[in-house]
Amino acid sequence: MAPPPAHPQRSPSPSQPSGKSEVTDLRSQLRQLAGSRAPGADDAKRDLFKKVISNMTIGIDVSSLFGEMVMCSATSDIVLKKMCYLYVGNYAKVNPDLALLTINFLQRDCKDDDPMIRGLALRSLCSLRVANLVEYLVGPLGSGLKDNNSYVRTVAVIGVVKLYHISASTCLDADFPATLKHLMLNDPDTQVVANCLSALQEIWTLESTSSEEAAKERETLVSKPVIYYLLNRIKEFSEWAQCLVLELVAKYIPSDNSEIFDIMNLLEDRLQHANGAVVLATSKVFLHLTLSMADVHQQVYERIKAPLLTQVSAGSPEQSYAVLSHLHLLVMRAPYIFSSDYKHFYCQYNEPSYVKKLKLEMLTAVANESNTYDIVTELCEYAANVDIPIARESIRAVGKIALQQYDVNAIVDRLLQFLEMEKDYVTCEALVLVKDLLRKYPQWSQDCIAVVGNISSKNVQEPKAKAALIWMLGEYSQDMPDAPYVLESLVENWDEEHSAEVRLHLLTAVMKCFFKRAPETQKALGAGLAAGLADFHQDVHDRALFYYRLLQYKVSVAESVVNPPKQAVSVFADSQSSEIKDRIFDEFNSLSVIYQKPSYMFTDKEHRGTFEFSDELANLTINAEAGDSAVPAQRVEANDNDLLLSITEKEEGRDAASNGSAYSAPSYDGASATSAASQSLADLAFSSTSGSGQAPASSFAIDDLLGLDFSVGAAATPTPPPLSLNPKAVLDPGTFQQKWRQLPLSLSEDFSLSPQGVAALATSNALLRHMQSHSIHCIASGGQSPNFKFFFFAQKAESASIYLVELLINSSSAKSQIKIKADDQSTSQAFSTLFQSALSKFGTA
Amino acid sequence: MISQFFVLSQRGDNIVFRDYRGEVPKGSAEIFFRKVKFWEDGGLEEAPPVFNVDGVNYFHVKVVGLLFVATTRVNTSPSYVLELLQRIARVIKDYLGILNEDSLRKNFVLVYELLDEVIDFGYVQTTSTELLKSYVFNEPLVVDATRMPPLGPATLFAQGTKRMPGIAVTKSVVATEPGGRKREEIFVDIIEKISITFSSSGYILTSEIDGTIQMKSYLSGNPEIRLALNDDLAIGRGQGPVYGYRSSTGSGVVVLDDCNFHESVRLDSFEVDRTLSLVPPDGEFPVMNYRMTQEFKPPFRINALIEEAGAHKAEVILKVRAEFASSITANTIKVQMPLPKYTNRVSFELEPGASGQTTDFKEANKRLEWNLKKVVGGCEHTLRAKLSFSQELHGNITKESGPVSMTFTIPMYNASRLQVKYLQIAKKYGTHEPYRWVRYVTQANSYVARI
């Protein structure tokens, strides 16, 4: 209820009362009036009550007036009554004893002749939130549910949920859910029906964690009779209740296609509703019902497009934002749908930046061969915008479009024009872009380098841009006459360079330049390595030392490591897995779409609401499906090899000495190792967040040496008996649950997780896929940062023996725990080793 | 499901605070306000309407400078909550007549009455101004409407929605009027917001009209209303590209891209004769929203030129031409243009005999402003400005300035040519026929000319 008593007292505005003495005043005035029947007493009371409530609103604790307020509440004046109810509801919880005083008059009011008074009193009675008063609630609630006035019934239905939260057992013992179910299916008033639906969803969802019966009851809400009953009345419901019903319908699984079309025809006109929430809820129904019918599904996209665009432009900017987020989700799934409507996503100068930002994302997503020219032209206009954050976003958008297109001629020109605009922030953003562009389209290097060469490094201050410029200086030093001298001057100012990222890049660039133009660069390289070795930053120091030793060993080897021939990047890694995207799509018309993450990532389990139907159950089925999808054959083989290698790489720390000896320099002569190393180095040089995803196991050695966060231990551990797993193991969730219950715990171990493993957890399905590549399949997962929980299973190759694993990870402490149950307990230790070894490699590849 | 609802002033004071479920920790209003005030995420300067702090989701909309906020812990539909917040603001406005900080503070008990009925334990019960009437007992204390700023885009759009201003529509739905008898009247406003972008050579790059037919009824006895629109009105632009200007529709057919309707609207005969019938609920509400990208004649042409005039100088020439009939007058016109950031002085030269025009150079954001009280149809106005720079010019000066943007209001004009042909009240009144107001107004939304 209104502000809590211990609210920090903000400075009240002049019009408002201000504190303790005021409360004392109010008390004495209330006392005087308490018994007064004088004419005008009610008006005086009204004024006093208003003052009390005003204090309550701004956060002043007026709970000490409870007694006086209750004394004054014996009145027939409804305005006074309502204020009193508000007050009582607010403070009853902190004054349980005094709350008892109010029971009497509230109960009496529950029997008043006026339905309004009955409803108000019942609502207040249920809002007291005092556990020892629940016995007084059951009677009035029971009669409220049977009241002949619909207002009282709507209040009573919500009252049942309130009671459930105060005392679930009282609520269930009184059999209220069954009464609600009856009301839901029979009450003539649609608001009563809607409230019953809300109440039952809430109660049964909470109950279902402990009771299978409740879970079943909840399932019956999406059964055909209930859904049809609600759909047939949909137009009688208020727009808000319609949203509720539509949300439920989206979960319904029709038995055949004609049913789907019936529902869609019935709901068709809901798309013309002025309320955006109704339109989005209807869209969700359409999208979800047609998932299995590809062609109809496409038609749905076309059908919902115009109404959603109208919502974007008709509503407030806040509503536009909510709808645009959904359009973005749709366009990611079906990029072509808006390809001719792209002009709707042009920014208007007076829009808030959060809308502009979304529109820029839309423009990036809808760009294709036919509209790229127009879109890029428009984006270039924004680059000169007075709104600098948006100007930056626009330039980045141009870059993203360039990286996703095949024909980039025109875009490259635009980007180069950015570099000539002589606005610092434009130059900086453009440099980063040109760098990425060159990684993908090396054929443009001549054009780009000519322009980049004209940029003075003094005008580039932002670390990201500076790093990009330095990378280009190193990479294309043969084409930039000044490169060695620019690098030299940068090295001279080593101490003024605050960003370690820039210094790391500088080291690499000087090396690359040296390989191409040794005489000119020698001095810069020497100075750079010296400065690097003396650097206080561990990574910079380590890289300098590494380069130094490489050069000492053999310059040609150093070159093959630091500056090998590179292949153009074909596709930059997507930041989100398709599983996550599907999950978000499942949660269409919810916050998941706005935050671009599934609800389990930002919501506690008990608050996940009706969007995730049955947590455990849903997970089990979802992952069972994912597990079914066959792992590509070659990957499986590769992983089997991995598996053998990795047995020696158990985590537990190992010291630097063994580090060095295990990966002595000569190993670089091996052709495969070199390519692996260069691959990873190429990545490092770009400091790109998109992991290569293909560096074989040996590459981490260099990562480790370079001190970039790729540390994987490889202490020698006793070789376990060889154990291989069936990569195509299948287990259905039911069997899993049954086995988990039946089998004894055969092993439980605690261990720490590598930091990169923890980092990789952020994209949750990454772990599932990683483990799957090791023939360990996930069947259920859940939890919320920092605590994650996973259930895995695996099957011994050429055997029916199954292993079940429960894995708990705390990502903040990097601690994890596994519990293993196995059909064949003698091999569970071997399996544990295998499992941990697989897990230790998570995040490194 | 909503946990809390509150309204904060611009300074962050709680004006109204209602906790429905007691599941969000204390201090949520402070946490929210601090987050919004010091938003700095992803380079955005403005907090998005929805964000999450420590597992609590905060939704907010800005209405007349006030923050209407809802919190929840569950994963709910964002458009549902944002729409609800707008609706609550509208219901409160219906009751108070005028919605601002002052009227809210004076009437907070009434507002609590409303909030108690709108939401129960986080579940929305009703937002119908009419249904709520039977639960509200406090009389609104009407704040002085004359203290409101004069008509103009500021007040019109202060609420972020399309609203027709005017003293008549600032009366409360429950307040009894001086004189006792309620005046029978109904307002139908056709409000259109125009967005246009002109290229530097004067071509129209994009154009769109977002329109609303807004209704506010003070008729007693809930009579049925029939609204007839242009009978050749077409909806849906077929399969062709939406912005295909090639099919110039000179025939006068108004083609809407799309539209939607208020719940109360019945479309039984809409397909036949483009007539909407409805029993208007109390309070203000949009009967119909529509969107049009069909080619239309822009009410204003803007001509902007910036030229170097020496190493430290440049000259700007702005021309605005009103391309509508001379019987129509646009008011509160404001033309703005960002200037190069090294501009340090601007001298203006208005055309001879100019009246009702003011000019300003906003030093802080280096922006030129030109205000015209009114522009009569067919007229053209010119402004010359001489700029002085603190540093020598380099690069392309047109890349350092512009685009020119414009705001205006044109009463009794609509660019789309959508019309309410007639407004029929299906009830017999005695000697006093109810007042029927059908008003048109066109405003600039994003009216931009690039240079």
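Bear in mind the structure is a predicted one, so any value in this text is a computation, not a measurement.

A short note on the overall build of chain A
The number of helices and strands found in chain A is 41 helices and 5 strands. Residue pairs at least 24 apart in sequence account for 69% of intrachain contacts in chain A once pairs closer than 6 positions are excluded. In the structure as shown, chain A presents an accessible area of about 34,100 Å², 52% of it carried by carbon and sulfur atoms.

Comments concerning the environment of Val448 of chain B
Along the chain, Val448 of chain B turns up in strand 26 (residues 435-449). Here the alpha-carbon distance between Val448 of chain B and Asn331 of chain B, two residues 117 residues apart in the chain, equals 18 Å. In this structure, Val448 of chain B is in contact with Tyr349 of chain A together with Ile196, Thr197, Phe198, Pro403, Val404 and Ser405 of chain B, ignoring residues within four places of it in sequence.

A word on the packing of aromatic side chains
Following the criterion strictly, the structure yields 37 aromatic pairs over all chains and no others. Measuring from centroid to centroid gives 4.8 Å for Tyr595 of chain A and Phe602 of chain A, while their planes differ by 90°, and the two rings are edge-to-face. The residues Tyr595 of chain A and Phe602 of chain A share a single accessibility class, namely buried. By the ring-pair criterion, three or more aromatic residues cluster together here, those being Phe6, Phe17, Phe32, Trp39, Phe51 and Tyr58 of chain B. Here Arg333 of chain A stacks its cationic end above the ring of Phe585 of chain A, 3.6 Å away from the centre of that ring.

Considerations on unusual backbone geometry
All names here are of chain B. At Arg274, a residue that is not glycine, the phi angle is positive and equals roughly 55°. You can see Arg274 is positioned in the loop between helix 7 (270-273) and strand 15 (275-278). Positive phi outside glycine occurs at Met412, with the angle close to 55°. Tracing the chain through its elements places Met412 in the loop between strand 24 (404-411) and strand 25 (420-425).

What to know about the side chain of Lys305 of chain A
All names here are of chain A. The topology assignment puts Lys305 in helix 17 (residues 294-314). Side-chain polar atoms of Lys305 contact the backbone oxygen of Ile337, separated by 3.2 Å. Separated by 2.8 Å, the side chains of Lys305 and Asp341 make a polar contact. Those residues within four positions of Lys305 in sequence are excluded, and the remaining contacts are Ile337, Phe338 and Asp341.

A few points about the interface of chain A and chain B
The interface is formed by 100 residues belonging to chain A together with 94 residues belonging to chain B. Its salt-bridge partner being Arg450 of chain B, residue Glu378 of chain A comes within 2.7 Å of it at the nearest N-O pair. Counting across the interface, chain A meets chain B through 41 residue pairs in polar contact (both at pLDDT 80 or more). Classifying every residue of the side of chain A that touches chain B by side-chain character gives 45 nonpolar, 34 polar and 21 charged.

Digging into the pattern of salt bridges
Residue and element names in this part refer to chain A. All chains considered together, the criterion is met by 62 salt bridges over all chains. Salt-bridge contacts for Glu351 lead to Lys359; the nearest nitrogen and oxygen are separated by 2.7 Å. Look at Lys359 and you get buried, because its relative accessible area is 4%. The residue Arg392 makes a salt bridge to Glu429 at a minimum N-O spacing of 2.8 Å. Here the residue Arg392 occupies a position in helix 21 (residues 388-404), and Glu429 occupies one in helix 23 (residues 424-440), the gap between them amounting to 37 residues. If you follow the salt bridges from partner to partner, you end up with Arg392, Glu393, Arg396, Glu429 and Glu462 in one network.

Considering the packing of helix 22 (residues 409-419) of chain A against helix 24 (residues 445-452) of chain A
Packed helix pairs are specified by the crossing angle of their axes together with the interaxial distance, meaning the distance between the axes. Residue and element names in this part refer to chain A. For the pair helix 22 and helix 24, the least separation of the axes is 10 Å and the interaxial angle reads 10°. One finds that helix 22 runs roughly parallel with respect to helix 24. Two secondary-structure elements touch here, helix 22 through Val412, Leu416 and Leu419 and helix 24 through Asp447, Cys448, Val451 and Val452. A per-class count over the contact of helix 22 with helix 24 returns 6 nonpolar, no polar and 1 charged.

Quick notes on the pairing of strand 5 (residues 66-72) of chain B
All names here are of chain B. Counting buried positions along strand 5 yields 7 of 7 residues, so the element is predominantly enclosed. Here strand 5 shows a buried face lined by Leu66, Phe68, Ala70 and Thr72 and a second buried face lined by Leu67, Val69 and Thr71. As defined by bridge partners, strand 1 (residues 4-8) adjoins strand 5 across 5 bridges and the pair is classed as antiparallel. Bridge pairing in strand 5 links Val7 to Phe68.

Observations concerning the confidence of the model for chain B
Residue and element names in this part refer to chain B. Residues of chain B with pLDDT of at least 70 account for 87%, and the chain-wide mean is 84. Contacts for the low-pLDDT stretch residues 146-168, under 50 throughout, to residues beyond four places or in other chains number 54 contacts. Here residues 239-250 scores under 50 on pLDDT; set against residues more than four positions off or in separate chains, the count is 20 contacts. As scored by the predictor, the complex reaches a pTM of 0.76 and an ipTM of 0.88.

Focus on helix 8 (residues 150-166) of chain A
Residues and elements named next belong to chain A. Taking 1.5 Å per residue, 17 residues should reach 24 Å; helix 8 reaches 24 Å between its end C-alpha atoms and fits that length. Along helix 8, 14 of the 17 residues are buried, which leaves the element largely enclosed by surrounding structure. Sitting at the amino-terminal end of helix 8 is Asn149, which places a side-chain oxygen 2.7 Å from the backbone nitrogen of Tyr151.

Some thoughts on the sheet that holds strand 4 (residues 802-810) of chain A
All names here are of chain A. Within the open sheet, the 5 strands sit side by side as 1-5-4-3-2. Their pairing is antiparallel. Every interior strand has two partners, whereas the edge strands, strand 1 (747-752) and strand 2 (777-784), have only one. The sheet shows a mean angle of 15° between the axes of neighbouring strands, direction not considered. In the sheet, strand 4 pairs with strand 5 (residues 815-822) via 8 bridges, with the strands oriented antiparallel. From the neighbouring strand, Leu808 faces strand 5, where its bridge partner is Gln817. The strands touched by helix 38 (residues 733-742) are strand 2, strand 3 (787-795), strand 4 and strand 5; relative to strand 4, the strand with the most contacts, the crossing angle is about 85°. Along the sheet, helix 41 (residues 828-840) contacts strand 1, strand 3, strand 4 and strand 5; its crossing angle with strand 1, the most-contacted strand, is approximately 25°.

Description of the environment of Ala89 of chain B
Residues and elements named next belong to chain B. Note on placement: Ala89 falls in helix 2 (residues 78-96). Judged by relative accessible area, Ala89 falls into the buried class, the value being 3%. Setting aside its immediate chain neighbours within four residues, Ala89 contacts Val63, Phe68 and Leu99.

Structural notes on the sheet that holds strand 24 of chain B
Residue and element names in this part refer to chain B. In spatial order, the strands read 13-16-9-8-26-24-19-22-21; together these 9 strands make up an open sheet with mixed pairing. Two strands lie at the open edges of the sheet, namely strand 13 (258-261) and strand 21 (357-362), each paired on one side alone. Strand-to-strand twist of the sheet, defined as the mean angle between neighbouring strand axes without regard to direction, takes the value 15°. Strand direction decides the pairing type here: strand 19 (residues 329-338) and strand 24, joined by 4 bridges, are antiparallel.

Reading guide: rules and limits
- Residues numbered from 1 in each chain as written.
- Chains lettered and ligands numbered in written order.
- Predicted model: local features only at pLDDT ≥ 70, side-chain atom pairs only at ≥ 80, totals over all residues.
- Heavy atoms only, no water.
- Helix = DSSP H or I, 4+ residues; strand = E, 2+ residues; numbered from the N terminus.
- Contact = heavy atoms within 4.5 Å.
- Areas by Shrake-Rupley, 256 points an atom, 1.4 Å probe, with all protein chains shown as cover.
- Phe/Tyr/Trp six-rings, centres within 6.5 Å; stacked < 30°, edge-to-face > 60°.
- Buried < 20%, exposed > 50% of the residue type's maximum accessible area, 1.4 Å probe, protein only.
- Lys NZ or Arg CZ within 6 Å of the ring centre and 35° of its normal.
- Polar contact = N/O pair within 3.5 Å; in protein donor to acceptor, adjacent residues only side chain to side chain.
- Salt bridge = Lys/Arg side-chain N within 4 Å of Asp/Glu carboxyl O.
- Nonpolar A, V, L, I, M, F, W, Y, C, P; charged D, E, K, R; others polar.
- Axes fitted to C-alpha atoms, helices over the stretch in contact; angles between N-to-C directions.
- Parallel < 35°, antiparallel > 145°, perpendicular 65-115°, else oblique.
- Pairing = 2+ DSSP bridges.
- pLDDT = per-residue confidence, 0-100.
- Expected span 1.5 Å × (residues − 1).

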